[in-house]
Amino acid sequence: MFEKLSKKIIKWAKDRDLLHRKNAPKQFMKFIEEVFEFKAEMDQVERIDHEKLKEIYTDRMKLEMGDIFVTLIILCEQLGIDLFDCLNKAYKKISIRTGKTINGTFIKSEDL
Ligand SMILES: [Mg+2]
């Protein structure tokens, strides 16, 4: 499903003439923008106690997380790199990593 959706997003970007390597630096900034939009929504959700409002803000947070993925999918395509390949490499790296979580952050063994 992720792959199917990412193909639709790539087509969307292609139709809008976005898929050129020279656009990658601007796309990267778009990605950073979306990361901060997500952070703003996440902070809202964490602040809210009211059940119904929390639901509404969680939906907004989901949308911003989606925006992050969209920008990354397009950025990968502009750079000619495969998103799943990137994910695989990252997983391979962390899968053998040892360490422990301290105060909510995972610390690598070599940094402990
Ligand atoms: Mg957004």
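All figures in this text were calculated on a predicted structure; none of them were measured in a lab.

Trainee: Go over the pattern of salt bridges, please, and point to the residues and values.
Mentor: Evaluated as defined, the whole model comprises 6 salt bridges. For Glu 41, the salt bridge goes to Arg 60, with nearest N and O atoms at 3.2 Å. One end of the pair, Glu 41, is in helix α2 (residues 24-47); the other, Arg 60, is in helix α3 (residues 51-79), and 19 residues separate them in sequence. Exposure remark for Glu 41: the relative accessible area of 11% places this residue in the buried category. For Arg 60, a relative accessible area of 39% corresponds to the partly exposed category.

Trainee: Account for unusual backbone geometry, with residues named and values stated.
Mentor: Unlike most non-glycine residues, Asp 17 shows phi in positive territory, near 60°. Here Asp 17 lies in the loop between α1 (2-15) and α2. What makes Asp 17 exposed here is its relative accessible area of 53%. A positive phi angle, close to 50°, is found at Asn 103, a residue other than glycine.

Trainee: Go over the coordination of the magnesium ion with me, naming the residues and quoting the values.
Mentor: Donor atoms from the polypeptide that bind the magnesium ion are Glu 34 (OE), Glu 37 (OE), Glu 64 (OE) and Asp 67 (OD), placed at 2.1 to 2.2 Å. Here the donor residues of the magnesium ion share one chain and are spaced in sequence as E-x2-E-x26-E-x2-D. Linking Glu 34 with Glu 37, this pair stays in helix α2, spanning 3 residues, or about one helical turn. Judged by relative accessible area, Glu 34 falls into the buried class, the value being 7%. Glu 37 gets classed as partly exposed once you look at its relative accessible area, which sits at 32%.

Trainee: Before we move on, could you go through the pairing of strand β1 (residues 99-102) and cite the residues and values that matter?
Mentor: Note: β1 against strand β2 (residues 105-108), 4 bridges, orientation antiparallel. Each residue of the ladder has a partner; that of Gly 99, found in β2, is Lys 108. Connecting β1 to the next strand, β2, in antiparallel fashion are 2 residues, including Asn 103 with a positive phi near 50°.

Trainee: Requested: an account of the side chain of Thr 71, with residues and values cited.
Mentor: Turning to its location among the elements, Thr 71 is positioned in helix α3. Overall, the relative accessible area of 4% leaves Thr 71 in the buried class. A distance of 2.7 Å separates a polar atom in the side chain of Thr 71 from the backbone oxygen of Ile 68.

Trainee: Pulling in residues and values, what's your account of the packing of α2 against α3?
Mentor: With their axes 8 Å apart at the nearest point, α2 and α3 run at an angle of 165° to one another. Taken together, the axes of α2 and α3 are roughly antiparallel relative to one another. In this structure, α2 meets α3 at a crossing whose hand is left-handed. Of the residues assigned to the contact of α2 with α3, the class counts are 15 nonpolar, 5 polar and 8 charged.

Definitions and limits used
- Residues numbered from 1 in each chain as written.
- Predicted model: local features only at pLDDT ≥ 70, side-chain atom pairs only at ≥ 80, totals over all residues.
- Heavy atoms only, no water.
- Salt bridge = Lys/Arg side-chain N within 4 Å of Asp/Glu carboxyl O.
- Helix = DSSP H or I, 4+ residues; strand = E, 2+ residues; numbered from the N terminus.
- Buried < 20%, exposed > 50% of the residue type's maximum accessible area, 1.4 Å probe, protein only.
- Donors = N, O, S within 2.8 Å, 3.2 Å for Na, K, Ca; no water.
- Pairing = 2+ DSSP bridges.
- Polar contact = N/O pair within 3.5 Å; in protein donor to acceptor, adjacent residues only side chain to side chain.
- Axes fitted to C-alpha atoms, helices over the stretch in contact; angles between N-to-C directions.
- Parallel < 35°, antiparallel > 145°, perpendicular 65-115°, else oblique.
- Left-handed = near helix turned anticlockwise from the far one by under 90°.
- Nonpolar A, V, L, I, M, F, W, Y, C, P; charged D, E, K, R; others polar.

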